[in-house]
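Spelled out, the chains give:
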Amino acid sequence: MLKIQIEENEFHLLAQRGLYWPDERTLFVTDTHLGKSATFQRNSMAIPGSTTHGTLSTISKMLDATGATSLVILGDLFHARSSLAAEVVGAFEEFLEQHARVQFTLVRGNHDLRVGELPSRWSIEIVDPGARKSALALGHEPTEKPSDCQILLCGHLHPAVRIREGRQLVGKFPCFWLNDGRLVLPAVGEFTGTMVIHPGPSDRIWALVMGEVIELPQFGAAAQ
Amino acid sequence: MSFEFKPQNSKWNNVPKSRKQPTPSQRVDAYFQSMGWRPFRFQRSVWNAYMTGASGLVHSATGTGKTMAVWIAPILKWLKENPETSCWNAKRPPSLRVLWITPLRALAGDTENALRGPLQYLELPWRLESRTGDSKASLKARQLKKLPTALITTPESLSLMLTHEHLLEQLAEVELAVVDEWHELLGTKRGVQTELVLARLRQLNPRLQTWGLSATLGNIEQACQTLLGQNTKTRPRIVAGMNRKRLHLQSIIPNPIERFPWSGHIGTRMVPQVAELLDGTRSALLFANTRSQTEIWYQQLLKQRPDWTGQIALHHGSLDSSVRRWVEDGLRAGKLRAVVCTSSLDLGVDFTAVDLVIQIGSPKGAARLLQRAGRSGHQPGAQSRLAFVPTNALELIELAAAQDAIAAGKLEARPPLNKPLDVLVQHVVTVAIGGGFKADALLKEVRSTMAYQSLTDEEWTWIIDFVVRGGSSLTAYPEYRRVVVDGEWYQVKEPRIARMHRMNIGTIASDAAMQIKYLKGATLGTAEESFLTKLKPGERFQFAGRVLEMVRIRENVAYVRRTKGEPESIPRWMGGRMPLSAELSEFLRRKIEQASAGQLVGREMRSLQGLLELQSRWSVLPQRDELLVERIKTRDGHQLFVFPFEGRLVHEGLAALLALRLSKIKPISFSMACNDYGIVLQSTQPIPIEPALATRLLSVENLVDDVLSSMNATEMAMRQFRQIARVAGLIQGGYPSDRKSSGHLQASSNMFFEVFSKYDSGNLLLEQSRREVLDQQLEISRLRVALERLGQCRVVLTNPSKVTPLAFPLLVDKLRERVSSESLIDRIQRLQRQLELSADPESC
């Protein structure tokens, strides 16, 4: 875990790919893509179905460790309509029950639009991108930051950075990416993949390397 | 194209009616005579063997009449069965009899021309056609109704035909399956695919005869057995083709010889000498070892001789097929003075005009040298001429060693692969689409191949579970339905699954390749995605011998325009570097031993006299039963050079192994580098080599565990898994037009690898990726043999005051690539500190 300061806000960057905001006791995650493996299986592609359980248990651990009272998912909760298979729905309902005291919010992402209506018995508040939470704007795709707020939290990109030593590639790591007032979170879902980003010199990057959060010092020249 | 019957031209009309018709042998002899040939004895012996129902393998250098040795056999047989010419009717060609399997679809056209010759002369009513990935859709559709008498095809296309149930009846009539260039398929997954398809054909027709054509290999009997499978009823025939072609080898010796050779120096210093050599030739092939080298040489030659524009050309596997075809046609017509190429021109195609082959850089194997030389003088009886251009001085030793190996007849073996399960998964689904199977019967058929003779019952059960349930029965996926079971019968029922599978048949991995196109639409070829995506718009790079400017990348196509000026980069393609073969390594060690005794045999060795003397003055030239270790302290730290002369891949494993075992004696971290001759380990602290040598530094004990824990084995397995996932059908490309709509089904092999590792660690495909890393990337069996040999060697430890000629190239390599024995997190944190220091120099 790494504490960082953006504008006047303190955040905790969690190596399990979540962002905790102590002021409001809120945990942010993005791109869970629950039920992706079920969708693959339906299309005769072999993949173990346990990824949904894996993703949910990662989030559970973060909720427990931080004591968060509210969870915001910054879009793409389920992968596709066919992802709402019985076992996936079952696992998700169990998760909701387990964290009955936590208030759930979903910012609608592109996959959520395709998934369509969620069962009304689930107590999840669904908001459109652009919703506010104090000084923060919540989004899914990294759109322009609204001028009247300090930070836009978003996802969608599944960002990762390549780290090189000379010409040799050391590896590719998921990361948090601060660019122009937008903080892009890494995808928390298992089996969701990453996209390599090419940050600019004034951006800040926190990479997740083997269970640790490391800020890459080659970036963020303007911030330091 | 089909063969047309032209009775008006018949030469047999001249034969008086009263006389008997010519015998089949007389007809064939007449054809040979018309070409100015006479059947060779080995050709006749293949024809005779064929008549007795035998199968076998014909091996010899290229251009020695192997094709006719096999092709005439079924023609003779048919002539014997159908002596009455009046019954021949080209409108009703005989049904499918011969399958001709060629490894490259680009070769199908040339093969078709070669095979058509005798058909046309003899006016046989046979229909001869090709069916490859390049064939027209209309032709393919017609073939699906009725196959021709003889069909030229590739392993992939043939495998694809097995998915059409109604073709099986015709495939069952095949009497002869010919596998051309079998040495090219052997030892690859496509070779295993060929074995499986042949087993299927034998199941359909137990009397099927199989003949292979191959270059000469070190393990020719094994090659033959692999082709024919187990339980062959007749004794396999191995027929040696014509005697070895006369070979004229010359080296272009740099003047002066640098005493500190460094590898990777692509030897363009030799361009003027090569240009001079080309002045005196009609048509030459210049083989370079990598695609980027071909680009460089092409440019350099043009710079040297600007008037050769249009007379020289470039040929490598990443160029678009239309570009390649243009070059091949130019070569065939003898219009090109020289073509710079990679192994892309190693195969079949007959370029009679070529009278000289130039090999740039070591060919790394004796068989390969021989085969490349055979590309010149491509006619029976002609002489092959090869000129060798070393890219560093030490390569002259390799050429000298290769000549010795050829003279001793010690050519490289190509070991066949052992049960790659991804290929089997693909084949099982193929058979399930093509009508289905019973598990026991298919298992028996699969085990009749050499590749799967040791397939266990457990492995077979896993394969069946995988295609039916998506994994072992413990991790059943309820929604998964690829192959369905109906009683005892396994079948694919959903047309969608069959369609997807057909799109994915094939085992050749093309690494995320991206097309390069002009803005106006003409395709130039492909380069690696990782290279192209790094270019910024406006950046210049060299490709296909042209300087291009990147415009934009859209939907996996890089759009470029032509530009002038110096290129800023040249694409690098993966997998360009071959390690020195085991056979050649052995002869190389002999050469060095000879030199240590003061014997310099041959022009190449004599030209190295100065370098070799310096080496023995400053350190030692090791004998074959000695292992040379040089310890040098330089400004950069403590260096340990070890010279096993075993080839780069073995050295990579060995370097990691030594680093691990040394660090067990005393915690120490290294950076290291390897080449074909040796290893360098470098550390900031003194390296405890003496105590290490007293222990089990070179022991074979715990070899696999030590190697795995000393290398980034997971990362390597993950990369290897990419191909396995594709072959086994985990990742599906789908229709090109489908890309968008199937976006929600896209996943990379890395994602599969991670998920399987976490939730299904017993997955045998994961296991296979680990095994392939050990067998192919680390050559673990060669490493074991090498360690056993080194264990018997006397270690000669020297402390030269300066870097020796043998050590110098390693030192240069080390500057270029640093491999370190640190853990990933250590490395990142060190990098982080370094960067922090350099970003903020005042704080230190």
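Residues numbered from 1 in each chain as written. Chains lettered and ligands numbered in written order. Predicted model: local features only at pLDDT ≥ 70, side-chain atom pairs only at ≥ 80, totals over all residues.

This brings us to the overall build of chain B. When its secondary structure is counted, chain B shows 32 helices and 27 strands. For chain B, with 844 residues in total, the buried portion stands at 46%. Contacts in chain B between residues far apart in sequence, at least 24 positions, make up 77% of those at least 6 positions apart. (Helix = DSSP H or I, 4+ residues; strand = E, 2+ residues; numbered from the N terminus. Buried ≥ 20, exposed ≤ 12 C-beta atoms within 10 Å, placed from the backbone. Contact = placed C-beta atoms within 7 Å.)

In this section: the overall build of chain A. Each helix and strand counted, chain A has four helices and 16 strands in total. A compact globule built from 224 residues would reach a C-alpha radius of gyration of about 17 Å, and chain A, at 17 Å, matches this within 12%. Based on the C-alpha atoms only, the size of chain A along its principal axes is roughly 50 × 40 × 30 Å. Per-residue burial over chain A gives 45% buried out of 224 residues. Counted over contacts in chain A with a minimum sequence separation of 6, partners at least 24 positions apart contribute 64%. (Rg over C-alpha atoms; globule rule 2.2 N^0.38 Å.)

In this section: helix H21 (residues 582-596) of chain B. Residue and element names in this part refer to chain B. Under the 1.5 Å per step criterion, the end-to-end length of H21 is 21 Å for 15 residues, consistent within 8% with the ideal 21 Å. Inspection of H21 places Glu583, Leu584, Ser585, Phe587, Leu588, Arg589, Lys591, Ile592 and Ala595 among the buried residues, and these make up the whole buried set. At its buried positions, H21 is contacted by helix H14 (366-373), helix H15 (395-407), helix H22 (602-607) and helix H23 (609-618). (Expected span 1.5 Å × (residues − 1).)

Geometry of a packed helix pair, given as the angle between the helix axes and the separation of the axes. All names here are of chain B. Between helix H3 (residues 66-81) and helix H4 (residues 108-122), the shortest axis-to-axis distance is 11 Å and the interhelical angle comes to 45 degrees. With respect to H4, the axis of H3 lies oblique. Between H3 and H4 the crossing geometry is right-handed. Contact with H3, carried on its side by Thr67, Trp71, Ile72 and Ile75, involves Ala114, Leu115 and Pro118 of H4 and no other residues of that element. (Axes fitted to C-alpha atoms, helices over the stretch in contact; angles between N-to-C directions. Parallel < 35°, antiparallel > 145°, perpendicular 65-115°, else oblique. Left-handed = near helix turned anticlockwise from the far one by under 90°.)

This next bit is on the packing of helix H11 (residues 271-279) of chain B against helix H12 (residues 291-304) of chain B. All names here are of chain B. It is the contact of H11 with H12, at a shortest axis distance of 10 Å, that shows an interaxial angle of 75 degrees. Looking at the two axes, H11 sits roughly perpendicular to H12. Here Val271, Pro272 and Ala275 of H11 come into contact with H12, specifically with Gln300, Leu301 and Gln304. Its residues assigned to classes, the contact of H11 with H12 shows four nonpolar, two polar and no charged. (Nonpolar A, V, L, I, M, F, W, Y, C, P; charged D, E, K, R; others polar.)

Let us now look at the sheet that holds strand E5 (residues 176-179) of chain B. All names here are of chain B. Strand order across the open sheet formed by seven strands is E3-E4-E2-E5-E6-E1-E7, with parallel pairing between neighbours. In this open sheet, the two edge strands, each paired with only one partner strand, are strand E3 (128-131) and strand E7 (237-240). Direction aside, the axes of adjacent strands within the sheet are offset by 15 degrees on average. Both E5 and strand E6 (residues 209-214) contribute to a ladder of four bridges, which runs parallel. Bridge pairing in E6 links valine 178 to tryptophan 211. Across the sheet, helix H2 (residues 41-51) touches strand E1 (56-59), E6 and E7, and the angle it forms with E7 is around 165 degrees. (Pairing = 2+ DSSP bridges.)

Glancing now at the nonpolar core. If you look at soluble globular proteins, the nonpolar side chains tend to sit buried side by side. Val46, Val178, Leu286, Val339, Ala432 and Leu681 of chain B are the most contacted members of the largest nonpolar core, which totals 229 residues. Tyr20, Ala38, Leu106 and Leu208 of chain A belong to the second-largest nonpolar core, a separate cluster that totals 57 residues. (Core = buried A, V, L, I, M, F, W, Y, C linked by C-beta atoms within 7 Å.)

Another aspect to go through is unusual backbone geometry. Residues and elements named next belong to chain A. Positioned with a positive phi, histidine 33 is a non-glycine residue whose angle comes to about 45 degrees. Assignment of secondary structure puts histidine 33 in the loop between strand E4 (26-29) and helix H1 (36-42). Its 28 C-beta neighbours within 10 Å are what place histidine 33 among the buried residues.

Before going further, it helps to examine the pairing of E4 of chain A. All names here are of chain A. With burial as the criterion, each face of E4 is covered, one bearing Thr26 and Phe28 and the other bearing Leu27 and Val29. Pairing analysis gives three bridges linking strand E3 (residues 18-21) to E4, with the strands arranged antiparallel. For tryptophan 21, the partnering residue across the bridge sits in E4 and is threonine 26. Of the pairings in the sheet, the one linking E4 to strand E5 (residues 70-73) comprises four bridges and is parallel in character. Among the inter-strand pairings, valine 29 is bridged to a residue of E5, identified as isoleucine 73.

Residues and elements named next belong to chain A. Of the strand pairs in this sheet, strand E15 (residues 204-209) and strand E16 (residues 212-215) are connected by four bridges, and their pairing is antiparallel. Within E16, the position partnered with leucine 208 by the bridge is valine 213. Between E15 and E16, which pair antiparallel one after the other, the connecting turn spans two residues, and methionine 210 there sits at a positive phi close to 45 degrees.

Moving on, we get to the environment of leucine 152 of chain A. Residues and elements named next belong to chain A. Turning to its location among the elements, leucine 152 is positioned in strand E10 (residues 151-154). Expressed as a C-alpha distance, the spacing of leucine 152 and arginine 182, which sit 30 residues apart in the sequence, is 4.7 Å. Setting aside residues up to four positions removed in sequence, leucine 152 forms contacts with Ala137, Gly139, Lys145, Pro146, Gly181 and Arg182.

Residue and element names in this part refer to chain B. Topologically, methionine 672 is positioned in strand E24 (residues 671-674). Since 25 C-beta atoms lie within 10 Å of it, methionine 672 is described here as buried. C-alpha separation for the pair methionine 672 and isoleucine 238, spaced 434 residues apart in sequence, amounts to 46 Å.

On to the sheet that holds strand E11 (residues 338-341) of chain B. Residues and elements named next belong to chain B. Spatially, six strands are ordered E8-E13-E12-E9-E11-E10 in an open sheet, and the strand pairing comes out parallel. The open sheet terminates on both sides in strands that have one partner only, identified here as strand E8 (247-251) and strand E10 (312-315). With direction set aside, neighbouring strand axes in the sheet form an average angle of 20 degrees. When E8 meets strand E13 (residues 384-389), the two strands line up parallel, connected through five bridges. In the sheet register, leucine 247 faces E13, and the bridge partner there is serine 384. Each of E10 and E11 touches helix H13 (residues 321-332); the most contacted strand, E10, lies at about 130 degrees to it.

Low-confidence regions, as indicated by low pLDDT, have predicted coordinates that should not be scrutinised in detail. Residue and element names in this part refer to chain B. Across chain B, the average pLDDT comes to 84, with 85% of residues at or above 70. Confidence drops under pLDDT 50 across residues 734-741; counting only partners more than four residues distant or on other chains, this segment forms five contacts. The low-confidence segment residues 838-844, where pLDDT is below 50, has two contacts with residues more than four positions distant or belonging to other chains. Of the two predicted TM-score estimates for the complex, the pTM is 0.83 and the ipTM is 0.85. (pLDDT = per-residue confidence, 0-100.)

The next subject is the environment of phenylalanine 721 of chain B. Tracing the backbone through its elements, the reader meets phenylalanine 721 of chain B in helix H27 (residues 713-727). In this view, phenylalanine 721 of chain B contacts Ser749, Phe753 and Ser769 of chain B; residues no more than four positions away in its chain are not counted.

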